[in-house]
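Remarks on the overall topology
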Amino acid sequence: MMDKRQIMACVIAAMAVTGSQAQQHVATGNDNKGDMPVTVNVHGTIRTKYEYQTEEGEGRFEVRNARIALTGSVAHSVDYKAEIDLSDEGNIKMLDAYAKIKPARALDFTIGQMRVPFTIDAHRSPHQQYFANRSFIAKQVGNVRDVGATLGYNLNVGFPIVLQAGLFNGSGLTNQKNFWTKSVNYSAKAQLFIPRGFNLTLSVQKIRPDDVSVMMYDAGAYYHAHGWHVEAEYLLKHYGNGAFDNVHAVDAFVNYDIPLRKGFFSKVSPLVRYDYMSDHSDGIRYLDGVANEQGRLQVNDAQRSRLTGGVTLSMAKPFVADIRLNYEKYFYPEGAVAKVSERDKAVVEFMIRF
């Protein structure tokens, strides 16, 4: 079995060869009756950071993400994406692997492995995040990737509306080969791009991590114009048969961009966020701390709120080369046990997107 270094070498070599072939193919054209040439675009995201927990006096360096993605087209209205993370908290993970067909201008059909269309913040890629660490909605409560198929439709009623709906296995990313189910997970999302920089996003999702169905309802809105990004989002998570108390999660933040005409940085962006999550279960039954069908749902993430403040220094266009400086202050109810990495901390993160 190949180790991580060998896997990384193979992936990088394959991408280099594929990219070279694609560039050569596009440059020479395609003589197959005018067919569209195959296109290959290579993208990547590197996020490295240093965190210092102020109460414990402990720090660490971490490579949070090292993503490589291939996107492009193989024919007119036939697109694809394949993305792998070589360091997702130290693990290699296949993230996206899907084909997209666009039979009409406003309609698209996607099948494969992907992020489920749900919420605003959980659907952001790492380079699109405003803060060094994700909100509770994006990390714990609403973060779902799965294998399935989605249908998307764009319409205009005086302003654009993007609709997405899909069916999914519920198997996650690593349990596909021998996974068969009589129940199907689903998700639906509507995005209304209202004039003058306003957006309203509504979404619903049903998952079944174990023998209990879980329904999630999300409503969010933001304003993005004149250097401001103001966003608020609320998520309700309901467990069937009263297996666990409803989970409530909130994410609200403000970001303001200040362009710089001279110097090393192109802009500076002060920002502040408040997020909250009540006691949360991942929907899986545990017995003595181990997943077991004879067990019951338990609290995987204790109730907490957090206030995050900081500044983002951009060295290029937004979300291309950023330094994120954040300080996170956690608030727990009396008697709650904080996880090792969920405590007051200062964070310095470098994010590179190519």
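The rules we used
- Residue indices begin from 1 for each chain and proceed along its sequence in written order.
- Confidence filtering applies because this is a predicted model: local features only for residues at pLDDT of at least 70, side-chain atom pairs given and counted only at 80 or more, and all residues used for totals across whole chains, interfaces and linings.
- Each side-chain value is worked out from all heavy atoms of the structure, with water and hydrogens disregarded.
- Only Phe, Tyr and Trp rings are paired, with Trp represented by its six-membered ring, and only when their centres lie within 6.5 Å; those with planes under 30 degrees apart are stacked, over 60 edge-to-face, the remainder tilted.
- Only runs of H or I of at least four residues qualify as helices and only runs of E of at least two qualify as strands under DSSP, and these elements are numbered from the N terminus.
- With a 1.4 Å probe rolled over the protein chains alone, any residue whose accessible area is under 20% of its type maximum counts as buried; one over 50% counts as exposed, and the rest are partly exposed.
- Geometrically, a charge over a ring is one whose NZ (Lys) or CZ (Arg) sits within 6 Å of the ring centre while staying within 35 degrees of the ring normal.
- Residue types Ala, Val, Leu, Ile, Met, Phe, Trp, Tyr and Cys, when buried and joined through side-chain atoms within 4.5 Å, form a set referred to as a nonpolar core.
- Contact between two residues is taken to exist if any of their heavy atoms lie within 4.5 Å; hydrogens are not considered.
- Note on pairing: two strands pair once DSSP finds at least 2 bridges between them.
- The term salt bridge refers to a side-chain nitrogen of Lys or Arg lying within 4 Å of a carboxyl oxygen of Asp or Glu.
- Confidence per residue, as judged by the predictor, is encoded in pLDDT with a range of 0 to 100.
- The method works on a 1 Å grid over the protein atoms by themselves. A cavity is a set of points holding a 1.4 Å probe that cannot get out, a pocket is an open set with protein on both sides within 12 Å along at least five of seven lines, and residues with an atom within 4 Å of a point line them.
- Grid points are joined across faces, edges and corners, and a volume is the space filled by probe spheres set on the points.
- Any residue that is not Ala, Val, Leu, Ile, Met, Phe, Trp, Tyr, Cys, Pro, Asp, Glu, Lys or Arg is counted as polar, Gly included; the first ten are nonpolar and the last four charged.
- Two N or O atoms count as a polar contact when they lie within 3.5 Å, although within protein this holds only if one can serve as hydrogen donor and the other as acceptor, and sequence-adjacent residues are included solely when both atoms are side-chain atoms.

Attention shifts here to the packing of aromatic side chains. Scanning the model with the defined rule gives nine aromatic pairs in all. An angle of 50° between the planes, with centres 4.7 Å apart, marks the rings of Tyr50 and Phe61 as tilted. Taken together, the residues span a long stretch of sequence, with Tyr50 in strand E1 (residues 41–53) and Phe61 in strand E2 (residues 58–75) at a distance of eleven residues. On the basis of relative accessibility, which here comes to 28%, the residue Tyr50 falls in the partly exposed class. Through pairs of rings, three or more aromatic residues link up here, namely Tyr130, Phe131, Phe253 and Phe319. Across from the ring centre of Phe131, 4.3 Å away, lies the NZ or CZ of Arg273, which sits over that ring.

Below, the discussion takes up the nonpolar core. Residues Val141, Met216, Leu235, Tyr239 and Val247 are the most contacted members of the largest nonpolar core, which totals 20 residues. Listed by contribution, the elements that provide at least two residues to this core are helix H2 (136–141), strand E10 (214–225), strand E11 (228–239) and strand E12 (247–256). Here this core gets three residues from one element, more than from any other, and that element is H2. Every residue in contact with Met216, bar those within four places of it in the chain, is listed here: Phe118, Val141, Val144, Ser203, Val204, Gln205, Ile207, Leu235, Leu236 and Lys237.

Right, let's talk about the environment of Leu107 for a bit. Among the structural elements, Leu107 can be located in strand E5 (residues 107–115). Here Leu107 falls in the partly exposed class, since its relative accessible area comes to 28%. In the structure, Leu107 is positioned 57 residues away from Gln164 in sequence and 10.0 Å away in space, judged by C-alpha atoms. If near-sequence neighbours (up to four positions away) are discounted, Leu107 is found in contact with Ile101, Lys102, Leu151, Gly152 and Tyr153.

Every second residue of E12 is oriented toward a common face, the buried set being Val247, Ala249, Asp251, Phe253 and Asn255 and the non-buried set His248, Val250, Ala252, Val254 and Tyr256. Bridge count for E11 against E12 is ten bridges, and the pairing is antiparallel. Bridging from a neighbouring strand, Leu235 pairs with Ala249 of E12. One ladder, built from seven bridges, connects E12 with strand E14 (residues 267–277); its direction is antiparallel. Paired with Asp251 across the two strands is Asp275, which belongs to E14.

Strands sit in the order E16-E15-E17 across an open sheet of three strands; the sheet is antiparallel. Across the chains shown, the open sheet's two edge strands, defined by having one partner strand only, are strand E16 (290–291) and strand E17 (296–297). Relative to E16, strand E15 (residues 285–287) runs antiparallel, the two sharing two bridges. The partner of Tyr286 across the bridge, within E16, is Ala291.

This part covers the pattern of salt bridges. Two side chains carrying opposite charge are able to pair once their charged atoms lie near each other. According to the stated counting rule, one finds 27 salt bridges in the structure shown. Residue Arg60 is joined to Glu62 by a salt bridge in which the shortest nitrogen-to-oxygen separation is 3.6 Å. Since its relative accessible area comes to 17%, Glu62 is described here as buried. Two residues, Lys339 and Asp301, come together in a salt bridge whose shortest N-O distance is 2.9 Å. Remark: Asp301 occurs in the loop between E17 and strand E18 (304–314) and Lys339 occurs in the loop between strand E19 (321–331) and strand E20 (345–353); sequence separation between them is 38 residues. A relative accessible area of 7% places Asp301 in the buried class. Beyond isolated ion pairs, a larger network of salt bridges with shared partners links Arg67, Lys81, Glu83, Asp85, Asp96 and Arg145.

Turning our eyes to something else, we now look at the confidence of the model for the chain. Counting all residues, the mean pLDDT for the chain is 89, and 89% of those residues have values of 70 or more. Confidence over residues 6–10 falls short of pLDDT 50; this stretch has five contacts with residues more than four positions distant or in other chains. Under a pLDDT of 50 for its full length, residues 16–34 has, in the predicted model, eleven contacts with residues more than four places off or in other chains.

Evaluated as defined, the whole model comprises three cavities of 30 Å³ or more. Roughly 50 Å³ of volume is contained in the largest cavity. Its boundaries defined by the atoms lining it, the second largest cavity holds a volume of some 40 Å³. Around the second largest cavity sit Arg115, Asp121, Ala122, Arg124, Gln129, Arg134, Ser135 and Ala138, which together line it. Residue composition of the lining of the second largest cavity, grouped by class: two nonpolar, two polar and four charged.

Our next topic: the environment of Glu342. Among the structural elements, Glu342 can be located in the loop between E19 and E20. Along the primary structure Glu342 and Arg306 are separated by 36 residues, whereas in three dimensions their C-alpha atoms are 9.7 Å apart. In contact with Glu342, other than residues within four places in its own chain, are Gln53, Phe136, Lys139, Gln140, Arg304, Tyr330 and Tyr332. Reaching out from Glu342, the side chain makes a polar contact with the side chain of Tyr330 at a distance of 3.1 Å.

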